[in-house]
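So you can see what is in the structure, the chains are spelled out below.
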Amino acid sequence: GAGVSQSPRYKVAKRGQDVALRCDPISGHVSLFWYQQALGQGPEFLTYFQNEAQLDKSGLPSDRFFAERPEGSVSTLKIQRTQQEDSAVYLCASSLGVAGGISNQPQHFGDGTRLSIL
Amino acid sequence: RKEVEQDPGPFNVPEGATVAFNCTYSNSASQSFFWYRQDCRKEPKLLMSVYSSGNEDGRFTAQLNRASQYISLLIRDSKLSDSATYLCVVRKGSNYQLIWGAGTKLIIKP
């Protein structure tokens, strides 16, 4: 498909397990963002990649969260030793060019991964 | 206090009516403003950007009031398919980070 693809769509894990969430952005998109959306809230920024470079990880809640985009396309968000408060929808978005500046490039979102920690 | 605040609703509106809701933002350095729409269990989708002079896209009109630091969205002749959560989004200066409101839920009833 032509849009942002995320997998799995749903993930259930036991507390303490590690999980990996995948994002396949729109082909050729330079910028990639990860967001966390709790129930009834707007998305919260986690991290930003420009190609393979992680330029901002200030939104990652703890050092249990790790994201990578080694070849500048597919990205993986990994959560180690999951806790119940990690339960949320994790959204990935991509945009065509370099984000920021005067450009208001739209961010295209994937369907998200709904993570439930038991 | 959250940086971007919205009335969570829900706004229950009969089909064909006009509905408007606001969003306030706290950071005066905010430069770019957007309305996104999110359907239940789906991803947010850009509805429209908001420009200083106000802008219209079909039945949708967005306004920005910098002095009072609020953004509004007006929907005319509402359709059942307009039922969704509307998220107000703000970007500070040239920063790429988007700051999201929690959304206003709109329910259009036949």
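Whatever comes next refers back to the structure up there.
Residues numbered from 1 in each chain as written. Chains lettered and ligands numbered in written order. Predicted model: local features only at pLDDT ≥ 70, side-chain atom pairs only at ≥ 80, totals over all residues. Heavy atoms only, no water.

Counting its regular elements, chain B contains zero helices and 11 strands. Tracing chain B from N to C terminus, the helices and strands come up as β-β-β-β-β-β-β-β-β-β-β. Over its C-alpha atoms chain B spans a radius of gyration of 13 Å, differing by no more than 12% from the 13 Å that the globule rule assigns to 110 residues. Taking the principal axes of the C-alpha coordinates as reference, chain B spans close to 40 × 30 × 20 Å. Scored against the burial criterion, the 110 residues of chain B give a buried share of 45%. Residue pairs at least 24 apart in sequence account for 58% of intrachain contacts in chain B once pairs closer than 6 positions are excluded. One way to put it: in chain B the 14 positive side-chain charges average out to a point 4 Å from where the 10 negative ones average out. (Helix = DSSP H or I, 4+ residues; strand = E, 2+ residues; numbered from the N terminus. Rg over C-alpha atoms; globule rule 2.2 N^0.38 Å. Buried < 20%, exposed > 50% of the residue type's maximum accessible area, 1.4 Å probe, protein only. Contact = heavy atoms within 4.5 Å. Lys, Arg positive; Asp, Glu negative; His and termini not counted. Charge placed at Lys NZ, Arg CZ, Asp CG, Glu CD.)

Take the sheet that holds strand β1 (residues 4-6) of chain B next. Residues and elements named next belong to chain B. Pairing is antiparallel in the open sheet, where five strands are placed in the order β1-β3-β8-β7-β6. Here the strands that pair on one side only, and so sit at the sheet edges, are β1 and β6 (55-57). Within this sheet the neighbouring strands show an average axis-to-axis angle of 20°, counted without direction. Of the pairings in the sheet, the one linking β6 to strand β7 (residues 60-65) comprises three bridges and is antiparallel in character. Across the sheet, Glu56 pairs through a bridge with Thr61, a residue of β7. (Pairing = 2+ DSSP bridges. Axes fitted to C-alpha atoms, helices over the stretch in contact; angles between N-to-C directions.)

Moving on to the packing of aromatic side chains. Tallying each qualifying case throughout the model produces 13 aromatic pairs over all chains. Put simply, the rings of A:Phe33, A:Tyr35, A:Phe45, A:Tyr48, A:Phe109, B:Tyr36 and B:Trp100 touch in pairs and so form one group of aromatic residues. (Phe/Tyr/Trp six-rings, centres within 6.5 Å; stacked < 30°, edge-to-face > 60°.)

A separate point is the pattern of salt bridges. Tallied over the full model, the rule gives seven salt bridges over all chains. For A:Glu68, the salt bridge goes to A:Lys78, with nearest N and O atoms at 3.4 Å. With A:Glu68 in strand β7 (residues 65-68) and A:Lys78 in strand β8 (residues 75-79), the pair connects residues that are 10 residues apart, well separated along the chain. Judged by relative accessible area, A:Lys78 falls into the partly exposed class, the value being 31%. Measuring nitrogen to oxygen at the nearest pair gives 2.8 Å for the salt bridge that ties B:Arg59 to B:Asp82. Of this pair, B:Arg59 sits in the loop between β6 and β7 while B:Asp82 is found in the loop between β8 (70-75) and β9 (84-92), placing the two residues 23 residues apart along the sequence. For B:Asp82, a relative accessible area of 3% corresponds to the buried category. (Salt bridge = Lys/Arg side-chain N within 4 Å of Asp/Glu carboxyl O.)

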